[in-house]
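Close look at the chain arrangement
These are the residues of each chain, in order.
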Amino acid sequence: MKTCTVKNGIVEEFSDISLSGVGVRAFVDNKSWGFSSTNMLGFESVKQSLENSIKLAKTSSHLKTQELKLEPVRERVADVATFVKKPIGDFSAEDIVDIPLEAHKGAKEAGPQVADMKATYISIEDEKYFLSSEGTRIHQNTTRVLLFINVIAKSNGLLCPASENLGHAGGLELFDRTSPYSLGKSVAESAAKLLKTKAPPSGKFHVIIHPTLCATLLHEAIGHPLEADLAMTGGGFGDRIGELVSSKFITIYDDGHVEGGLGYFPYDDEGVECKRTVLIENGILKSFMHDRTSAALSNVSPTGNAHAWDYSAEPLIRQTNIGIKGGNYSLEEMIEDVEEGLLLEGTFGGQADVNADFTFGFQKAKWIRKGRIAEELRGANVAGNAIEVFKTIDAVGKETILRPGACGKFQFAVQGRVVPAIRCKILVGGTGD
Amino acid sequence: MELDENWGFLSNAVHKAIRALEEKDITHAEAFYTSTQTTEVAIRNSEILTQNKVDDSGVGFRVVIADNKVGFACTNTLSEKSILETGEKALAIAKVSSEIPNFSLPEARQPPKVKGLFDLRIADTTVDEAIDIAKRVINASENFDNRVIAKDGRVLFQSGWRGITNTLGVDSEERETKAIVYLGGAGKQNDEVTGSCYDFMFTRKADLDPKNVGENVGKMVTEMFKPQPLKSFQGPVIFGPEAVSYQLVDVLVDALKGETVMTGRSAWTKKLGQMVASENLTITDNATLENGFSSRSFDDEGFSSQTATLVEKGKLKSFLHNATSAKALTTENTGNASRFAGGFEMVHMIVGSGYRTKPEIYPSNLTIEPGNKRKEELVSEIGKGVLIESMAGFSQASSGLISAQLSRAFFIQNGEMKYPIKGGMVSGVAFDWFKQISIIGKDSKQFQNAVVPSLRIENVKLVGT
């Protein structure tokens, strides 16, 4: 892994991070899992980890009330790799440093109000072996490249942040379509522009959620409650398979095979293939995202959603590339029908609870009055309950875009999101009038 | 035992690598190295979900060459060869880096003796004991009331070594232990499912109290049934320690970091000596607090620990510094270099912490001096207001904007807690709120990097559904 951070034009950090290790999971008595990991790769240490994992699994086996009939994973031998057009190895350290430096040059173009600018380049080259006693042998090479840009514009004591990320599974061709320079420039211009705007209002509004924000809404509000481990705790979507849980305009899926998606995974970390799983179809709840354990408890097949961030963490149910199927509306058509409302854009990240309560931040907004875009506003947070909010969706955009995402549920994960704009009713927590 | 043997090997190899770097054309070099053993038990839906044991050790080098160019490289492959090569990688990277003005590493100084960082009983904890604690926290919560479900939780015991050495004579090693019990619970009654309630205990000693944590969760959950929507209004709000420790501390930390002051983006830039908060607010950073969860005798670039007064009776006295920010702002280093910075910085989450990163500026135990009123007294003095024990949503740290969802909050009328609130948000600018603090509670609680009590803040905007 390589990271390079440029803060206000200075290469503040350039790191070379090489890590390796082994994580071992043992399943005993058809009930209990144990996990152990080590960064010492000698035979004795690895054997010790295996023994630890068995011992750990046995320790709590007698406490388990439920037997788990794990569906066998078909023996599989595979060797897969991300498609990379421009391999990282073909670029010198100087070339890499230039990426965030170019972003900084672009940001400077936005003028003197840019008070703080940080650009971070990250490349992750991950070589992973999965071996199981069921006979599976999978070798996966993944390459990911990301660029994060954060700008703060300042004027008369007012600070306005803006940020944007790029990221995909693949090589440095990531920057062929959007150059670091142009991205830095657009984020900085966006921050500077916000200095002249007012704070958004508070209360419940008819809103259009731009794809850049819809990615967070989808991940937090509906993605998390559809993860079987969270769903099984009750509340949220609990045991509502087959029921109408959302507006009928909504179809949601999770798909590890989305080309270039930051959450591109051919196989998960239990050796299960990451296929497309339809979660909600025309508003009806079809499936949850499962690992082998939750699938066994629910009498269904695992869906390839067991992922570990690295060798030192146990696999956990995670989204790969979650998506909302595009609808029938252009953005203009969605705006036309709004008497008074807001268009919310850009994300500041969010959170969700198991009862499907969620909150997340938007970077900027625009008033919509009588079907037309009016003045621009700053950012704030919105909040609601996913089940209630998703019933209010009355339009889904035609065009979907692929966004990079990340999640910090117990451990880190990189993910993709395929999202259109949507229109719904939501509570906005602005400080303005 | 195994841990100590590994440590000896790692320490030896790291010192060799630093000596090898000294022979090269460098200005300074530094190595930060750790070795830890962690035993963890995870709780899910009233059961022990899994248990794990993770051994981790590694080293991160910072190499400085002429014109203050700095490179960083790290590895967890523990051979002399790989450790030497990693030092050389850091040097190679420094060559393509740019000048960091005022870059500085601390010089050697005798660190203070900080009590209560290590407890042999934690180092010797077995997984059976960890499982026992997990069972006790589940039972304590669910026996409190049969509507309570222990949803997710963790019991963690960690024992390890932390070391730092640089070419300016810094050479310190410290042994430490940590223990955490944490539980999230929810309530179920007919069709109603409450939001999550959390309690936890962060400690250095083998004094985890699962019964207390479990009962607290049980009590919190039972208070959450039959919530009612809120109508928008503006009035007094009591923020409980959990709410303070998260969104409000995030804003404080960002404004107090030396590096945000250097760039001028801290909201408190140029405000030293001025009133930035109400007179009753005093904030210190106390790295030498006995048994403090983030106490240490030296920071993560080797500077000796101390207590720094940051805000005294509302007046801004100091920022948090590492060697570089102290030099840039020509002031004293406060020993706040941290390789375990909290928060939700995406880059940190990808790269990881400890030896995997260069240090940032972050508090050790950021402490808000407690007042003398109990929570009940604070509530009894409010005619119409809200108690917010926890809220969800990120603060916009730089601008101080907090617009958060009320996740565990109660409506107060005539000095009594009336009902839990369903939905609703709280919205405002934390820098204004700090000036509107009218009373501070005595209920201080230890979080990972903060020790904070309840705060009563006047004239806060609540957004109803």
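Residues numbered from 1 in each chain as written. Chains lettered and ligands numbered in written order. Predicted model: local features only at pLDDT ≥ 70, side-chain atom pairs only at ≥ 80, totals over all residues.

So, the overall build of chain B
- Tallying secondary structure elements over chain B gives eleven helices and 23 strands in all.
- Taken against the 2.2 N^0.38 rule, which gives 23 Å for 465 residues, the C-alpha radius of gyration of chain B at 23 Å falls within 12% of a compact globule.
- Projecting the C-alpha coordinates of chain B onto the three principal axes gives extents of approximately 75 × 55 × 35 Å.
- A buried classification covers 59% of the 465 residues belonging to chain B.
- Within chain B, residue pairs in contact and separated by at least 24 positions form 73% of the contacts whose partners lie at least 6 positions apart. (Helix = DSSP H or I, 4+ residues; strand = E, 2+ residues; numbered from the N terminus. Rg over C-alpha atoms; globule rule 2.2 N^0.38 Å. Buried ≥ 20, exposed ≤ 12 C-beta atoms within 10 Å, placed from the backbone. Contact = placed C-beta atoms within 7 Å.)

Some details on the interface of chain A and chain B
- The partner chain B presents 69 residues to the 71 residues of chain A that form the contact.
- Here the side of chain A that touches chain B gets nine residues from one element, more than from any other, and that element is strand S2 (residues 10–18) of chain A.
- In terms of residue class, the side of chain A that touches chain B is built from 27 nonpolar, 32 polar and twelve charged.
- Direction of pairing for strand S4 (residues 32–38) of chain A relative to strand S2 (residues 47–65) of chain B: parallel, over a ladder of five bridges. (Nonpolar A, V, L, I, M, F, W, Y, C, P; charged D, E, K, R; others polar. Pairing = 2+ DSSP bridges.)

Considerations on the packing of helix H1 (residues 2–22) of chain B against helix H2 (residues 80–95) of chain B
Residue and element names in this part refer to chain B.
- Interaxial distance between H1 and H2 falls to 9 Å at its minimum, and their mutual angle equals 40°. With respect to their mutual orientation, H1 and H2 come out oblique. Our pair here, H1 against H2, has a crossing hand that is right-handed. For the pair H1 and H2, contact is made by Ala-13, Val-14, Lys-16, Ala-17, Ala-20 and Leu-21 and by Glu-80, Ile-83, Leu-84, Gly-87 and Leu-91, respectively.
- Here the contact of H1 with H2 is composed, by residue class, of eight nonpolar, one polar and two charged. (Axes fitted to C-alpha atoms, helices over the stretch in contact; angles between N-to-C directions. Parallel < 35°, antiparallel > 145°, perpendicular 65-115°, else oblique. Left-handed = near helix turned anticlockwise from the far one by under 90°.)

Examining unusual backbone geometry
- The phi angle at Asn-282 of chain A is positive, at roughly 45°, despite the residue not being glycine.
- Position of Asn-282 of chain A relative to the elements: it lies in the loop between strand S11 (276–281) and strand S12 (284–285).
- Residues other than glycine seldom take positive phi values, yet Asn-459 of chain B does so here, at roughly 60°.
- Relative to the helices and strands, Asn-459 of chain B is located in strand S23 (residues 455–463).

Describing the sheet that holds strand S10 (residues 252–255) of chain A
Residue and element names in this part refer to chain A.
- An order of S12-S11-S10-S15-S22-S21 is seen for the six strands of this open sheet, with the pairing classed as mixed. The open sheet has two free edges, formed respectively by S12 and strand S21 (401–407), since each of these has just one partner strand.
- Looking at chain direction, S11 and S12 are connected through two bridges and run antiparallel. Looking at the pairing, Ile-280 lines up with Leu-285 of S12.

A few points about the nonpolar core
- Membership of the largest hydrophobic core comes to 264 residues, with the highest contact counts inside it found for Val-151 and Ala-191 of chain A.
- Tallying contributions element by element places helix H6 (residues 241–256) of chain B first for this core, with ten residues.
- Once residues within four sequence positions are removed from consideration, Val-151 of chain A is found in contact with Ala-107, Val-114, Met-117, Pro-161, Ala-162, Ser-163, Val-187, Ala-188 and Ala-191 of chain A. (Core = buried A, V, L, I, M, F, W, Y, C linked by C-beta atoms within 7 Å.)

Let's talk about the confidence of the model for chain B
- On average, chain B scores 94 in pLDDT, and the residues at 70 or more come to 100%.
- Across the assembled chains, the prediction reports ipTM 0.88 with pTM 0.92. (pLDDT = per-residue confidence, 0-100.)

Focus on helix H2 (residues 93–108) of chain A
- Spanning 16 residues, H2 of chain A covers 23 Å between terminal C-alpha atoms, matching the ideal 22 Å at 1.5 Å per step.
- Residues of H2 of chain A that are buried make contact with strand S1 (2–7), strand S6 (114–131), strand S7 (137–155), helix H3 (174–177) and helix H4 (180–194) of chain A. (Expected span 1.5 Å × (residues − 1).)

Remarks on the packing of helix H1 (residues 43–61) of chain A against helix H4 (residues 127–144) of chain B
- As a packed pair, H1 of chain A and H4 of chain B sit with axes 10 Å apart at the nearest point and diverge in direction by 40°. Comparing the axis directions of H1 of chain A and H4 of chain B gives the class oblique. With respect to the hand of their crossing, H1 of chain A and H4 of chain B are arranged in right-handed fashion. Facing Leu-56, Thr-59 and Ser-60 of chain A of H1 of chain A, the residues of H4 of chain B in contact are Val-127, Asp-128 and Ile-131 of chain B.

As for the domain arrangement of chain A
All names here are of chain A.
- By the assigned domains, chain A splits into domain 1 (1–196) and domain 2 (202–429).
- For domain 1 versus domain 2, the separation of C-alpha centres amounts to 21 Å.
- Across the contact, 33 residues belong to domain 1 and 28 residues belong to domain 2.
- Broken down by secondary-structure element, the contributors of at least two residues to the side of domain 1 that touches domain 2 are strand S3 (22–28), S4, strand S5 (77–81), S7, strand S8 (158–169) and H4.
- Here the side of domain 1 that touches domain 2 is built from residues that sort into 15 nonpolar, twelve polar and six charged. (Domains from an automatic or database assignment.)

Some words on the environment of Asn-372 of chain B
- Tracing the sequence through the fold places Asn-372 of chain B in the loop between strand S15 (366–368) and helix H10 (375–380).
- When the C-alpha positions of Asn-372 of chain B and Ile-361 of chain B are compared, they lie 31 Å apart, and in sequence the two are eleven residues distant.

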